[in-house]
Amino acid sequence: MSHHILIVAEHDGRTLNVATAKCVACATTIPDAHITVVVCAANAAAVAAQAAAVSGVHRVVTVEHPMHEHPLAAAIAPQIAALAGPYSHVLGPSSTFGKDLMPRIAALLDTVQVSDIMAVESATRFRRPVYAGNAIITVEVLGGAKVVATVRTASFQAAGTGAQAPIEAASPVAPPAHTRFVSVSAAHSDRPDLQTAGKVISGGRALGSAESFQMLYRLADKLRAAVGASRAAVDAGYAPNELQVGQTGKIIAPELYIAIGISGAIQHLTGIKDARTIVAINKDPEAPIFEVADIGLVGDLFEIVPQLEQLIG
Ligand SMILES: Cc1cc2nc3c(=O)[nH]c(=O)nc-3n(C[C@H](O)[C@H](O)[C@H](O)COP(=O)(O)OP(=O)(O)OC[C@H]3O[C@@H](n4cnc5c(N)ncnc54)[C@H](O)[C@@H]3O)c2cc1C
């Protein structure tokens with residue numbers, strides 16, 4: 001029996017977010033998966049073409065409406081619920097976008113959501129982290145209910161490209177009367193996106209001030225890296241909220257993660273569990289970060305970081 005899987009595309013109106021290709025990679029591990037990606041957008045053509053090229057995608061459906069100019073979970077959820085009938089699974093990324101959207105879809109479909117799928121055991125059994133990644137739980141969706149789930153994107157390598165899936169248009173349902181877009185206030189940065197960057201440099205409480213954090217931005221720019229922060233650094237106002245890495249921040253899986261003046265609390269480590277290489281700079285040789293670091297530098301960050309910056313040139 002093939003499983004019909006609907007994946008909600010995350011995008012910015014022009015470019016498909018890599019999180020979608022990671023959801024596709026997850027979906028391909030469901031037995032006999034027939035994968036459809038749905039793109040809700042004001043003008044879906046560019047994003048739909050990118051989705052149609054992702055390996056493993058069988059079909060792309062577009063839902064075009066001016067209300068999708070800005071992604072609003074309250075507006076997208078009814079569109080997906082209206083399309084979901086023939087599908088056994090509805091998946092979205094475990095990103096800010098997906099965490100906002102997928103529970104609404106589950107509620108509209110009168111089912112529960114499976115969160116943070118990190119591995120598929122069968123079409124209805126999934127593994128997910130609990131207790132800040134200290135334990136892995138296996139959950140099963142019973143009674144033939146539709147599976148509505150978020151995918152822990154850090155656990156999957158993005159599916160490649162090469163497919164040529166057909167693209168079809170679906171009619172939008174009436175937009176909700178209760179919610180409309182008013183404005184967005186977001187920090188603009190030319191640096192790589194923290195969630196998808198290949199290299200990330202993060203600073204902790206030890207930086208001591210927002211001014212000292214500038215040192216990390218300079219180093220990051222030389223390495224073309226994104227900047228992250230521990231919660232202690234964010235709470236102290238040294239770095240903005242959206243840079244927080246960890247259990248209550250972003251879960252990331254860069255090729256290179258450099259933790260500077262970060263102790264390595266479990267809530268921070270859960271956000272970098274899937275990083276390929278971890279480098280830690282800390283003046284305390286007993287700091288827990290060294291238990292997970294591939295390369296550790298014991299020393300004062302205020303001496304080491306400027307030296308690194310000079311060496312990189
Ligand atoms: C429910 C919950 C959720 C949480 N979620 C998150 C989360 O998402 N992300 C997160 O990060 N935390 C989270 N935390 C907080 C977490 O428990 C830690 O408090 C936090 O990660 C500590 O941040 P830190 O490592 O920057 O600071 P600290 O633990 O204070 O560590 C600072 C480190 O810097 C070192 N240091 C000091 N001076 C220097 C120097 N000059 N040179 C080099 N090293 C130096 C010290 O040796 C120390 O190891 C959460 C906590 C709770 C309870």
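Here the structure is a predicted model, which means the values were calculated and not measured.

Chemist: How do you make sense of the packing of aromatic side chains when you look at a structure like this?
Modeler: How two aromatic rings sit relative to each other is set out by the distance from centre to centre and by the angle between their planes. Under the criterion given, the structure shown has one aromatic pair. Ring geometry for F213 and Y217: centres 6.3 Å apart, planes at 55 degrees, overall tilted. Note that F213 and Y217 are positioned in helix α5 (residues 210–223) at a spacing of four residues, about one turn of the helix. Overall, F213 belongs to the buried group, its relative accessible area being 0%.

Chemist: Mind showing me how you'd approach the sheet that holds strand β9 (residues 147–151) here?
Modeler: In any sheet, the strands associate via hydrogen bonds between backbone groups, in a parallel or an antiparallel arrangement. Spatially, the seven strands line up as an open sheet ordered β5-β9-β4-β1-β2-β3-β10, and their pairing is parallel. The open sheet has two edge strands, β5 (113–117) and β10 (167–170), and neither has a second partner. The sheet shows a mean angle of 25 degrees between the axes of neighbouring strands, direction not considered. Direction of pairing for strand β3 (residues 57–64) relative to β10: parallel, over a ladder of four bridges. Paired with V63 across the bridge in β10 is A170. Running over the sheet, helix α2 (residues 45–52) touches β2 (33–41), β3 and β10 and is turned about 165 degrees from β3.

Chemist: Sorry if this is basic, but what is going on with the site of the ligand here?
Modeler: Residues in contact with the ligand amount to 25 residues; listed here are only the nearest, R205, S230, T248, S263 and Q267. Residue V245 places a main-chain N or O atom 2.8 Å away from a nitrogen atom belonging to the ligand. One of the backbone N or O atoms of G249 is found 3.4 Å from an oxygen atom in the ligand. Within the residue set of the shell around the ligand, elements represented by two or more residues are α6 (231–235), α7 (266–269) and α9 (301–312). Split into classes, the residues belonging to the shell around the ligand amount to seven nonpolar, 13 polar and five charged.

Chemist: I keep staring at the pattern of salt bridges and nothing clicks. Help me out?
Modeler: Close approach of charged atoms lets side chains of opposite charge pair. In total, this model carries eleven salt bridges according to the counting rule given. For D274, the salt bridge goes to R152, with nearest N and O atoms at 2.5 Å. Within this pair, whereas D274 is found in the loop between α7 and β14 (277–282), its partner R152 is found in the loop between β9 and β10, the two being separated by 122 residues in sequence. We classify D274 as partly exposed; its relative accessible area is 27%.

Chemist: I'm lost on the packing of helix α3 (residues 73–83) against helix α4 (residues 96–108) in this one. Help?
Modeler: Helix-helix packing: each pair is described by the crossing angle between the helix axes and the interaxial distance. As a packed pair, α3 and α4 sit with axes 9 Å apart at the nearest point and diverge in direction by 45 degrees. Taken together, the axes of α3 and α4 lie oblique to each other. When you trace α3 past α4, the crossing you get is right-handed. Between α3 and α4, the residues in contact are A73, A74, I76, A77, P78, I80 and A81 and F97, D100, L101, R104, I105 and L108, respectively. For the contact of α3 with α4, the per-class residue count stands at eleven nonpolar, no polar and two charged.

Chemist: Sorry if this is basic, but what is going on with the nonpolar core here?
Modeler: In summary, soluble globular proteins display a tendency toward joint burial of nonpolar side chains. Membership of the largest hydrophobic core comes to 37 residues, with the highest contact counts inside it found for I7, V24, V37 and V39. Residue assignment for this core shows that the elements contributing at least two residues are β1 (3–8), α1 (18–27), β2, α2, β3, β5 and β9. The dominant element in this core, judged by the number of residues it contributes, is α1, at six residues. Other than its neighbours up to four places away in sequence, V37 contacts I7, A9, T20, V24, A51, V57, R59, V60 and V61.

Chemist: It is not clear to me how the sheet that holds strand β8 (residues 135–140) should be interpreted in this structure. Could you clarify?
Modeler: One open sheet holds the three strands; their spatial order is β6-β7-β8, and the pairing between them is antiparallel. If you trace the sheet from one side to the other, it starts and ends with β6 (119–120) and β8, each paired once. Of the strand pairs in this sheet, strand β7 (residues 125–130) and β8 are connected by six bridges, and their pairing is antiparallel. Paired with V130 across the two strands is A135, which belongs to β8.

Chemist: Before we go on, may I ask you to explain the domain arrangement of the chain in this structure?
Modeler: Many analyses report the size of an interface as the accessible area lost when the parts associate. Partitioning the chain into structural domains gives domain 1 (3–170) and domain 2 (199–312). When each unit is reduced to the centre of its C-alpha atoms, the spacing between domain 1 and domain 2 is 31 Å. Between domain 1 and domain 2, the residue contacts involve eight residues of the former and nine residues of the latter. Counting the surface lost from both domain 1 and domain 2, the interface buries some 720 Å², and carbon and sulfur atoms represent 48% of this. Summed over the three residues of domain 1 that lose the most area to domain 2, namely A132, R152 and A154, the buried surface amounts to 60% of that side. Viewed at the interface, domain 2 and domain 1 are joined by one salt bridge. Between the two partners, domain 1 and domain 2, sit one residue pair in polar contact (both at pLDDT 80 or more). Classifying every residue of the side of domain 1 that touches domain 2 by side-chain character gives three nonpolar, four polar and one charged.

What counts and what doesn't
Residues numbered from 1 in each chain as written. Predicted model: local features only at pLDDT ≥ 70, side-chain atom pairs only at ≥ 80, totals over all residues. Heavy atoms only, no water. Phe/Tyr/Trp six-rings, centres within 6.5 Å; stacked < 30°, edge-to-face > 60°. Helix = DSSP H or I, 4+ residues; strand = E, 2+ residues; numbered from the N terminus. Buried < 20%, exposed > 50% of the residue type's maximum accessible area, 1.4 Å probe, protein only. Pairing = 2+ DSSP bridges. Axes fitted to C-alpha atoms, helices over the stretch in contact; angles between N-to-C directions. Contact = heavy atoms within 4.5 Å. Near = heavy atom within 4 Å. Polar contact = N/O pair within 3.5 Å; in protein donor to acceptor, adjacent residues only side chain to side chain. Nonpolar A, V, L, I, M, F, W, Y, C, P; charged D, E, K, R; others polar. Salt bridge = Lys/Arg side-chain N within 4 Å of Asp/Glu carboxyl O. Parallel < 35°, antiparallel > 145°, perpendicular 65-115°, else oblique. Left-handed = near helix turned anticlockwise from the far one by under 90°. Core = buried A, V, L, I, M, F, W, Y, C linked by side-chain atoms within 4.5 Å. Domains from an automatic or database assignment. Buried area = accessible area lost by both parts, 1.4 Å probe.

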